[in-house]
Amino acid sequence: MRTSDQDLGPAAESAAFVETPVRVGEFQRFRRVFFGRPLVIFGFAIILLNISAAIFAPLISPYDPYLQDLANALQLPSAKHWLGTDALGRDVVSRLIYGTQTSLMVGIIAVGVGTLIGMALGLVSGYFGGWLDAIIMRV
């Protein structure tokens, strides 16, 4: 039975260093490489903008997206309606802002369903293996 780390020697100290799951500087390196690219920062900003628009749609939308005003149908962009109005007189900007909620929800549901199906098939394939695994992996 060992009572101290001095008995282990230098080989045990280097083995203890290798066993650590994540070294301290790896996250900083990932952040520097990942966010050091302008295209990544631009894409990240667009994603955050869409998520923010979906969450705060009732606060930032200038008009009710379902309110019809046939007198103002098919107006061109102006200071009152930034992207104009549609054939029923609804504000296009308001409809775009509220549309992000639907788009985001459809994306989240699609990814969730795909994940559940993939996990179920992977579990069945891994558990039973053999010919069933071969069929599932080819499908």
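Bear in mind that the values here come from a model prediction, so they are computed numbers and not experimental data.

Colleague: Explain the packing of helix H3 (residues 38–55) against helix H5 (residues 92–128) to me, please; I cannot follow it from the model alone.
Modeller: The axes of two packed helices give the description: the angle between them and the distance between them. At a minimum axis separation of 8 Å, H3 and H5 run at an interaxial angle of 105°. As summarised for this structure, H3 and H5 are arranged roughly perpendicular, according to the angle between their axes. Mapping the contact onto sequence places Asn50, Ile51, Ala53 and Ala54 in H3 and Ile97, Thr100, Gln101 and Leu104 in H5. Along the lines of polarity and charge, the residues of the contact of H3 with H5 split into 5 nonpolar, 3 polar and no charged.

Colleague: Any chance you could explain the environment of alanine 53 here in plain terms?
Modeller: Here alanine 53 is to be found in helix H3. The spacing of alanine 53 and tyrosine 98 is 45 residues in sequence and 7.8 Å in space, taken between C-alpha atoms. Those residues in contact with alanine 53, other than ones at most four positions away along the chain, are Ile60, Ile97 and Thr100.

Colleague: Mind showing me how you'd approach the packing of aromatic side chains here?
Modeller: Two measures describe an aromatic ring pair: the distance that separates the ring centres and the angle between the ring planes. The final tally for this structure, using the stated rule, is 4 aromatic pairs. Residues phenylalanine 35 and phenylalanine 44 carry aromatic rings whose centres are separated by 5.5 Å and whose planes lie at 75° to one another, so their mutual orientation is edge-to-face. Using a relative accessible area of 33% as the deciding quantity, one classes phenylalanine 35 as partly exposed. Here tyrosine 127 and phenylalanine 128 contribute two aromatic rings whose centre-to-centre distance is 5.0 Å and whose plane-to-plane angle is 85°, an arrangement assigned as edge-to-face. A relative accessible area of 67% places tyrosine 127 in the exposed class.

Colleague: Can you help me understand the side chain of aspartate 91 in this one?
Modeller: Looking at where aspartate 91 falls in the secondary structure, it is placed in the loop between helix H4 (57–60) and H5. In this structure aspartate 91 is buried but unpaired, with arginine 95 as the nearest side chain of opposite charge at 9.0 Å. At a separation of 3.0 Å, a polar atom in the side chain of aspartate 91 contacts the side chain of serine 94. Setting aside residues no more than four positions away along its own chain, aspartate 91 makes contact with Pro62, Tyr63, His81, Gly84 and Thr85.

Colleague: Before we go on, may I ask you to explain the pattern of salt bridges in this structure?
Modeller: Close approach of charged atoms lets side chains of opposite charge pair. Within this structure, the stated rule accounts for 2 salt bridges. A salt bridge links aspartate 86 to arginine 90; the shortest N-O distance between them is 2.8 Å. Residue aspartate 86 shares its accessibility class with arginine 90, and that shared class is buried.

About the thresholds
All residue numbers refer to positions counted from 1 along the written sequence of the respective chain. In view of the model being predicted, local features appear only for residues whose pLDDT reaches at least 70, and side-chain atom pairs are presented and counted only at 80 or more, with totals across whole chains, interfaces and linings using the full set of residues. Excluding hydrogens and water, the side-chain values take into account all heavy atoms of the structure. Lines are fitted to the C-alpha atoms to define the axes, a helix being fitted only along its stretch in contact, and any angle between axes, read from their N-to-C directions, falls within 0 to 180 degrees. Secondary structure is summarised from DSSP: a helix means a run of H or I of at least four residues, a strand means a run of E of at least two, and numbering begins at the N terminus for each. If an angle is under 35 degrees, it is roughly parallel; if it is over 145, roughly antiparallel; if it lies from 65 to 115, roughly perpendicular; otherwise it is oblique. Whether two residues are in contact is decided by their heavy atoms, any of which lying within 4.5 Å being enough. Lys, Arg, Asp and Glu make up the charged group, whereas Ala, Val, Leu, Ile, Met, Phe, Trp, Tyr, Cys and Pro make up the nonpolar group; the residues left over, Gly among them, are polar. Within 6.5 Å between ring centres, the rings of Phe, Tyr and Trp (the latter by its six-membered ring) count as paired, and their orientation is classed by plane angle as stacked under 30 degrees, edge-to-face over 60, tilted in between. Relative accessible area decides the class of each residue, using a 1.4 Å probe on protein chains only: under 20% of the type maximum gives buried, over 50% gives exposed, and in between gives partly exposed. In this tally Asp and Glu are treated as negative and Lys and Arg as positive; neither His nor the chain ends contributes. Put simply, a salt bridge is a Lys or Arg side-chain nitrogen that is within 4 Å of an Asp or Glu carboxyl oxygen. Polar contacts, as used here, are pairs of N or O atoms within 3.5 Å; protein pairs need one atom able to donate a hydrogen and one able to accept it. Residues neighboring in sequence count only if both atoms are side-chain atoms.

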